[in-house]
Amino acid sequence: GHASRRSVTASRVSRRERLQTLGYGIADTLVRVLPEGLMRRLFRFAADVAWRRHGRSVVQLERNLRRVVGPTMPDAELSALSRKAMRSYGRYWLEFFRLPVLGSERIVGRMQFEGEDVLRDVLATGRGAVMALPHSGNWDQAGAWLVLRGFPFTTVAERLKPEALFDRFVAVREKVGMEVLPLTGGGRNTFAVLLQRLKAGKPLCLVSDRDIGESGIEVSFFGEVTTMPAGPASLALATGAALLPAFLWYSDDGGPGGSWCGWIRAEIKPPAEGDKRAKIAAMTQALADCFAGGIAEHPEDWHMLQPMWPADDRPAPSVLEGSG
């Protein structure tokens, strides 16, 4: 009985994975050959359909946003905000598929960014830099922009199911010039490679608002305790690299598809006192505070469709809920 139930579950999973891979392949092709305006309307329509269905991901998104906006926002307003957030998330996917055909002029020309000089100044001294950011705006476009601005960097991708899809994600990112290491199962010790890059004075980009493992650091985030990855602060502390908080969002400024926006803030320095763990905790809390500031200003562009706080359950990631 157990074995047959397991095989039915496994065949359901593999069928779902095959469908996801097929769907990705179709979207990947259509998005590149059909007119962009039409695709924008289609992705917006799909985002609205998902929002109306109000499935688990949208319910979780609204729970997360409720913590950002506080208890006083009326439910109807929160609902309108979650609709905007789903459209923003749909826009991220459209642009991810279109990234290889967007063209460098547009990637650079439609980016409004503050703090590029902060990164440039750090690297000019021969130090490495750990840019840490939350799942907001379009981190893949920002990555392509960084490469085009002369900052090729290394990043880490969460290993997602199905495997074929994960490989395609990595391929898109590598095509625009990022070095992508798998978080797990890459055959090399990812943390050791990241240390190596930083010691060589190179930059890293790490999406760092959600703790995937069990080794996170406790932080207060929107007034509630949760955990965030220790990696960014640990890497900076171990190598003397600069920990630079970053944030990304969208602007609808009337141009084709609007603009991308972002900032890098001043370096988060380790406190003078305390042991290694205390320093990592203080730096991670400072990072969480920077993320919270950006998210509070642009909540509709925070693509967090998964549980962020222990008060909510934490199911395993699926492709559509986090490609960081």
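Residues numbered from 1 in each chain as written. Predicted model: local features only at pLDDT ≥ 70, side-chain atom pairs only at ≥ 80, totals over all residues. Heavy atoms only, no water.

Enquirer: Help me understand the overall build of the protein chain in this model?
Expert: A count of helices and strands for the protein chain gives eleven helices and nine strands. The C-alpha atoms of the protein chain give a radius of gyration of 20 Å, which matches the 20 Å a tight globule of 324 residues would have. Expressed along its principal axes, the backbone C-alpha trace of the protein chain runs to roughly 55 × 55 × 50 Å. Residues counted as buried form 50% of the 324 residues belonging to the protein chain. (Helix = DSSP H or I, 4+ residues; strand = E, 2+ residues; numbered from the N terminus. Rg over C-alpha atoms; globule rule 2.2 N^0.38 Å. Buried < 20%, exposed > 50% of the residue type's maximum accessible area, 1.4 Å probe, protein only.)

Enquirer: Looking at this structure, I do not really get empty space enclosed by the protein. What am I missing?
Expert: The gaps of empty space that remain are located by a probe, the size of a water molecule, rolled over the atoms. The tally for this structure, following the rule as stated, stands at three cavities of 30 Å³ or more. Approximately 200 Å³ is the volume found for the largest cavity. Sort the elements by how many residues they give to the lining of the largest cavity and helix α7 (residues 139-148) lands first, with six residues. Across the lining of the largest cavity, the residue classes tally to 15 nonpolar, three polar and two charged. (1 Å grid on protein atoms, 1.4 Å probe; cavity = no way out; pocket = protein on both sides within 12 Å on 5 of 7 lines; lining within 4 Å. Points joined across faces, edges and corners; volume = space filled by probe spheres on them. Nonpolar A, V, L, I, M, F, W, Y, C, P; charged D, E, K, R; others polar.)

Enquirer: Would you mind going over the pairing of strand β7 (residues 224-228) with me for this structure?
Expert: Regular strands place their side chains on alternate faces of the sheet. Bridging between strand β6 (residues 217-221) and β7 involves five bridges; their strand directions are antiparallel. By the bridge assignment for β7, Ser220 is matched with Val225. Turn length for the β6-β7 hairpin, with the two strands adjacent in sequence and antiparallel, is two residues, and the turn residue Phe222 shows positive phi of about 55 degrees. (Pairing = 2+ DSSP bridges.)

Enquirer: Sorry, what's going on with the pattern of salt bridges here?
Expert: Opposite charge on two side chains allows them to pair when their charged atoms are near. What the rule picks out here adds up to 18 salt bridges. With a shortest N-O distance of 2.9 Å, Glu267 and Arg127 are connected by a salt bridge. Taken together, the positions of Glu267 in the loop between β9 (259-264) and α11 (276-297) and Arg127 in the loop between α6 (116-124) and β2 (129-133) put the pair 140 residues apart, joining distant regions of the chain. Under the relative-accessibility criterion, Arg127 is labelled partly exposed at 29%. Salt bridges sharing partners connect three or more residues here, namely Glu36, Arg40, Arg91, Glu95, Arg98, Arg106 and Asp252. (Salt bridge = Lys/Arg side-chain N within 4 Å of Asp/Glu carboxyl O.)

Enquirer: Quick question: what am I supposed to make of the packing of aromatic side chains here?
Expert: When we look at a pair of aromatic rings, we describe it by the centre distance and by the angle of the planes. Following the criterion strictly, the structure yields 17 aromatic pairs and no others. Ring plane angle 75 degrees and centroid distance 6.1 Å describe the contact between Phe221 and Trp302, whose orientation is recorded as edge-to-face. You can see Phe221 sitting in strand β6 and its partner Trp302 sitting in the segment after α11, a full 81 residues away along the chain. Across the pair, exposure class does not vary: Phe221 and Trp302 are buried alike. When the centroid spacing of 6.5 Å and the interplanar angle of 85 degrees are considered together, the rings of Trp302 and Trp309 count as edge-to-face. Looking at Trp302, the relative accessible area reads 1%, which means it is buried. Counting every residue linked through ring pairs, the aromatic cluster contains Phe43, Tyr89, Tyr92, Trp93, Phe96, Phe97, Trp139 and Phe169. Above the plane of the ring of Tyr250 lies Arg91, whose end atom (NZ or CZ) is 3.7 Å from the centre. (Phe/Tyr/Trp six-rings, centres within 6.5 Å; stacked < 30°, edge-to-face > 60°. Lys NZ or Arg CZ within 6 Å of the ring centre and 35° of its normal.)

Enquirer: Any chance you could explain the pairing of β2 here in plain terms?
Expert: Of all five residues that make up β2, five are buried, and the element is covered over most of its length. Burial of β2 is two-sided: the residues Ala129, Met131 and Leu133 facing one way and the residues Val130 and Ala132 facing the other way are all buried. Examined bridge by bridge, β2 and strand β5 (residues 203-207) share five bridges and lie parallel to one another. Among the inter-strand pairings, Ala132 is bridged to a residue of β5, identified as Leu206. Relative to strand β8 (residues 242-251), β2 runs parallel, the two sharing four bridges. Counterpart to Ala132 in the pairing with β8 is Pro245.

Enquirer: Explanation requested: the sheet that holds strand β4 (residues 179-182) in the structure shown.
Expert: Strand pairing in a sheet takes place through backbone hydrogen bonds and is either antiparallel or parallel in direction. Ordered by their spatial adjacency, seven strands build an open sheet running β1-β9-β8-β2-β5-β3-β4, and the pairing between neighbours is mixed. Edge positions in the sheet fall to β1 (111-114) and β4, since each has one partner strand and no second. This sheet shows a mean twist of 25 degrees between the axes of neighbouring strands, independent of strand direction. Running over the sheet, helix α4 (residues 75-102) touches β8 and β9 and is turned about 100 degrees from β8. Across the sheet, α11 lies against β2, β8 and β9, angled at about 15 degrees from β8, the strand it touches most. (Axes fitted to C-alpha atoms, helices over the stretch in contact; angles between N-to-C directions. Contact = heavy atoms within 4.5 Å.)

Enquirer: When you look at the packing of helix α9 (residues 190-199) against helix α10 (residues 231-239) in this model, what are you seeing that I'm missing?
Expert: The relative placement of two packed helices is expressed as an angle between their axes plus a distance between the axes. For the pair α9 and α10, the least separation of the axes is 10 Å and the interaxial angle reads 50 degrees. As summarised for this structure, α9 and α10 are arranged oblique, according to the angle between their axes. Crossing of α9 against α10: the hand is right-handed. Side by side, α9 and α10 meet where Phe191, Leu194, Leu195, Leu198 and Lys199 of the first sit next to Ser234, Leu235, Ala238 and Thr239 of the second. (Parallel < 35°, antiparallel > 145°, perpendicular 65-115°, else oblique. Left-handed = near helix turned anticlockwise from the far one by under 90°.)

The analysis is restricted to geometry; functional conclusions fall outside its scope.
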